[in-house]
Amino acid sequence: MQFQRRDIVLIVGAFLIVLGITQYIQFEYSVMIGVALYFSIKLYAEKRRRSIAREVGEGICMECGSKIAEKKCPNCDSAPE
């Protein structure tokens, strides 16, 4: 997990949630909830990014949209002309 510029928005959102729930529970517990929320969203986004990269592989064919395997489209390159 690397820190990216868009993580600033996630940090600000978690901070605002911490401020919002501080009035109902103690500050220490709300900070723990905010930190847990931040890392759980980061882990979910990283797993989702990896699964998409695994599905796409080498890329997607511009003609039919299928997954490219061995630098060839299985649908377009094997079709008789």
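The structure displayed is predicted, hence computed values, not measured ones.

Visitor: Report on unusual backbone geometry, specifying residues and quantitative values.
Guide: Generally, phi is negative for residues other than glycine and the peptide bonds are trans, each holding for most cases. In this structure, Lys71 is a non-glycine residue whose phi angle is positive, near 60 degrees. Tracing the backbone through its elements, the reader meets Lys71 in the segment after α2 (27–56). By relative accessible area, which is 76% here, Lys71 ends up exposed.

Visitor: Now, about the environment of Cys64: what can you tell me, with residues and values included?
Guide: Relative to the helices and strands, Cys64 is located in the segment after α2. The spacing of Cys64 and Pro74 is ten residues in sequence and 9.9 Å in space, taken between C-alpha atoms. Non-local contacts of Cys64, meaning those with residues more than four positions away in its chain, are made with Cys73, Asn75 and Cys76.

Visitor: Help me get a handle on the layout of surface pockets, residues and values and all.
Guide: One number sums up the size of the largest pocket: a volume of about 220 Å³. Along the walls of the largest pocket sit twelve residues, with Gln4, Arg6, Lys42, Ala45 and Glu46 positioned nearest its centre. For the lining of the largest pocket, the elements supplying multiple residues, two or more each, are α1 (7–21) and α2. The element that contributes the greatest number of residues to the lining of the largest pocket is α2, accounting for six residues. Among the residues making up the lining of the largest pocket, the classes are represented as four nonpolar, two polar and six charged.

Visitor: Got a sec to walk through a nonpolar patch on the surface? Specific residues and values, please.
Guide: There is a patch of nonpolar side chains on the surface, built from Phe3, Ile8, Ile11, Val12, Phe15, Leu16 and Leu19 and spanning about 690 Å² of accessible area. One can find Ile11 in helix α1.

Visitor: Give a detailed account of α2, specifying residues and quantitative values.
Guide: Helix length check: α2, at 30 residues, gives a terminal C-alpha distance of 44 Å against a target of 44 Å (1.5 Å per residue), a fit within 8%. Residues Ser30, Gly34, Tyr38, Lys42, Glu46 and Ser51 constitute the buried set of α2. Where α2 is buried, its residues contact α1. Positive backbone phi, approximately 65 degrees, marks Gly57, located one or two places after α2.

The rules behind these values
- Residues numbered from 1 in each chain as written.
- Predicted model: local features only at pLDDT ≥ 70, side-chain atom pairs only at ≥ 80, totals over all residues.
- Heavy atoms only, no water.
- Helix = DSSP H or I, 4+ residues; strand = E, 2+ residues; numbered from the N terminus.
- Buried < 20%, exposed > 50% of the residue type's maximum accessible area, 1.4 Å probe, protein only.
- Contact = heavy atoms within 4.5 Å.
- 1 Å grid on protein atoms, 1.4 Å probe; cavity = no way out; pocket = protein on both sides within 12 Å on 5 of 7 lines; lining within 4 Å.
- Points joined across faces, edges and corners; volume = space filled by probe spheres on them.
- Nonpolar A, V, L, I, M, F, W, Y, C, P; charged D, E, K, R; others polar.
- Patch = residues over 30% accessible without salt bridge, like charges linked within 9 Å, V, L, I, M, F, W, Y side chains within 5 Å.
- Areas by Shrake-Rupley, 256 points an atom, 1.4 Å probe, with all protein chains shown as cover.
- Salt bridge = Lys/Arg side-chain N within 4 Å of Asp/Glu carboxyl O.
- Expected span 1.5 Å × (residues − 1).

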